[in-house]
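Notes for the structure review
For reference, the chains in residue letters:
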Amino acid sequence: WGAMTETVYIEPPAFDAREHIFDVAFHPFEDFAALALVSGETKLIKYSTEEVVEVATLRSHKSSCRTALFSPQGNFLASGSRDKSISLVNTDGELVLRLRKAHSAPINTLHFLDEHLLVAGDDSGAVKVWDLRASSAVYEVSEQTETVTDMKTNSEGNILLTTSADGTLAVYDLRRSNTAKTKLMGRSDCLEEDLLSLALVRGDRNVVVGSQEGVLYVFKWGFFGDCVDRILGHPSAIETIVKIDDNTILTGSEDGFIRGVSIYPNRVDAVLGHHAEGEENFPITKLAVARQKTMIASISHDSRVKFHDVSKFIARRSGVGRDELAAGEEEEAAAEAKVTLKETGTRAVEEETKGNSDDGFEDEDSEDMDDDSDDEDDEDDEDEEVSSKRKLNAELLRGIQKAKKGNSRTADRKLKENYRRVQNMKSVSYTHLTLPTIYSV
């Protein structure tokens, strides 16, 4: 009596496609999912809590089908292939369009802008927007040099963001005409590792990018050159990201686990499941969110689709209070301040190492050649100290650049050590060598 009842969701059983699956996508309004298969086929399945059954198999491509995606209204299913073609079928399974040589390189990922505009990214780094009604490309860019791994647009649908295996995040303005000189709105520095997945969060204020080394890079909108924060906690590559709400994402990692991650405050919040057979975990290559928003599907290097109930986690995240959100805002502000301070410090050290050459000090000394020998000794001591401090400044600059470029813990430790050494030296008359605080030490 009076006992509280809890809704229990039962996830569908795993489905074996009997061949390698490259992609999985849910229909936006019905209990259907599409699988992109290595054979070039697209398989449609219908799922329920009791069973998952195959509905149709569509022979869409001559070579492996790498990606499949339903249109926003669910009227079409698009697929892209290693054979460089794009296919479009309707709800009856009828082929309504085939672009045989849509790209000059194999197509790796697709993204719908609306029911009739489809974006495709290929292995060469090229991106095209296709008008499916006219069967023509209306927008083309090629600013990245390797495989386009993921694509998303902002909430207005007029800015396209892409990650690439060349280690960069690129941002394109879709409002510019195809004949515009440049359509590139921004591009990150090369992070020297594959960038594999992305999501826009916090009302498009931040972009979260998953990397080959298991780091989630957080970029601030409008400042895409470098990240403002990093979220650690994944031991290996973050192959796929899906957004749950403005402060929550789910990640699928090479270690086989699905994790729930909070964005500002930044933390890995929970491990929600894994893609396994017996005691063996398989790398998760793709996650997709079902229309109910309480269930996700995962695929891996095996031939199975696994379904995972994440309703409890989502319910808990939806109850995140104002205090936690306020803490997230403070954490974001601190991260941005750190980056600003770091950039200021880098510029200051660059100016010192460039502007204060040995010749400049020798010129100053030459004006005082008539001073006593004791004064000359004092000046020599001071110059030696200035020289030592300048040398440390140069080491500090190299440390900053190395830490920024490689995100190396060793570089970070060396940077802090050099900074302490500079701060602990007695002050000298050449006051411009005083460094701003870059790290809290």
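Nothing here was measured: the structure is a model prediction, and the numbers come from that model.

1. Points about the sheet that holds strand β7 (residues 76–81)
Spatially, the 4 strands line up as an open sheet ordered β6-β7-β8-β9, and their pairing is antiparallel. Edge positions in the open sheet fall to β6 (65–70) and β9 (95–99), since each of these has one partner strand only. Neighbour to neighbour, the strand axes of the sheet diverge by 15° on average, direction disregarded. Pairing analysis gives 4 bridges linking strand β8 (residues 86–90) to β9, with the strands arranged antiparallel.

2. Quick look at the pairing of strand β11 (residues 117–122)
With 5 of 6 residues buried, β11 lies mostly within the body of the structure. Where strand β10 (residues 107–112) and β11 come together, 5 bridges link them in antiparallel fashion. Counted as the bridge partner of Thr109 is Gly121 from β11. Connecting β10 to the antiparallel partner β11 that follows it, the hairpin turn spans 4 residues.

3. Points about the nonpolar core
Formed by 18 residues in total, the largest nonpolar core has its most connected members in Ile21, Phe26, Leu35, Ile45, Tyr47, Val305 and Phe307. Not counting chain neighbours up to four residues away, the residues in contact with Val305 comprise Ala14, Phe15, Ile21, Leu35, Ala297, Ser298 and Ile299. One finds Val171, Leu191, Tyr217 and Phe219 within the second-largest nonpolar core, a separate group that totals 15 residues.

4. Some words on the pairing of strand β16 (residues 169–173)
With 5 of its 5 residues buried, β16 lies for the most part within the structure. Burial along β16 is two-sided: Leu169, Val171 and Asp173 facing one way and Ala170 and Tyr172 facing the other are all buried. Here strand β15 (residues 159–164) runs beside β16; their pairing, made up of 5 bridges, is antiparallel. By the bridge assignment, Thr163 is partnered in β16 with Leu169. From the end of β15 to the start of β16, which pair antiparallel, there are 4 residues, and Gly167 there has a positive phi angle of about 90°.

5. Some details on the confidence of the model for the protein chain
Across the protein chain, pLDDT averages 82, with 70% of residues at or above 70. Counting interchain partners and residues more than four positions distant, the pLDDT-below-50 stretch residues 1–5 has 0 contacts. Residue range residues 357–371 is modelled with pLDDT below 50. Its contacts to residues more than four positions away, or to other chains, number 13 contacts.

6. A short note on the sheet that holds strand β30 (residues 304–309)
The strand order across the open sheet built from 4 strands is β1-β30-β29-β28, with neighbouring strands paired in antiparallel fashion. The sheet is open, and its two borders are formed by β1 (15–16) and β28 (286–289), each paired with just one other strand. In the sheet, strand β29 (residues 295–299) pairs with β30 via 5 bridges, with the strands oriented antiparallel. Within β30, the residue paired with Ile299 across the bridge is Val305.

7. Observations concerning the environment of Leu113
Inspection of the secondary structure puts Leu113 in the loop between β10 and β11. Note on Leu113: relative accessible area 25%, which makes it partly exposed. Along the chain, Leu113 and Val129 lie 16 residues apart, while their C-alpha atoms are 8.8 Å from each other. In contact with Leu113, other than residues within four places in its own chain, are Val119, Val129, Thr153, Gly157 and Leu174.

8. Some details on the side chain of Ser64
By secondary structure assignment, the location of Ser64 is in the loop between β5 (52–59) and β6. For Ser64, a relative accessible area of 8% corresponds to the buried category.

9. Section: the packing of aromatic side chains
Throughout the structure, instances matching the rule amount to 4 aromatic pairs. Ring plane angle 80° and centroid distance 5.4 Å describe the contact between Phe26 and Tyr47, whose orientation is recorded as edge-to-face. Here Tyr47 lies in strand β4 (residues 41–47) and Phe26 lies in strand β2 (residues 21–26), a separation of 21 residues in the sequence. Given the relative accessible area of 10%, Phe26 is considered buried.

Criteria and thresholds
- Once a new chain begins, its residue numbering starts again from 1 and follows that chain's sequence as written.
- The model is predicted, so local features are restricted to residues of pLDDT at least 70 and side-chain atom pairs to those at 80 or more, both for listing and for counting; the totals for chains, interfaces and linings are taken over all residues.
- Side-chain measures were taken over the full set of non-hydrogen atoms in the model, leaving aside hydrogen atoms and water.
- Here a strand pair is declared whenever DSSP counts at least two bridges between the two strands.
- The numbering of helices and of strands both runs from the N terminus, where a helix is a DSSP run of H or I of at least 4 residues and a strand a run of E of at least 2.
- To obtain each axis, a line is fitted to C-alpha atoms, and for helices this fit is confined to the stretch in contact; angles are then taken between N-to-C directions over 0 to 180 degrees.
- Burial classification: accessible surface area is computed with a 1.4 Å probe over protein chains only, and a residue below 20% of its type maximum counts as buried, one above 50% as exposed, and the rest as partly exposed.
- To form a nonpolar core, buried Ala, Val, Leu, Ile, Met, Phe, Trp, Tyr and Cys residues must be joined to one another through side-chain atoms within 4.5 Å.
- The contact criterion used throughout is that any non-hydrogen atoms of two residues lie within 4.5 Å.
- pLDDT: the predictor's confidence for each residue, scored from 0 to 100.
- What counts as a ring pair is set by centres within 6.5 Å for rings of Phe, Tyr and Trp (its six-membered ring), and what kind of pair is set by the plane angle: stacked under 30 degrees, edge-to-face over 60, tilted for all other angles.

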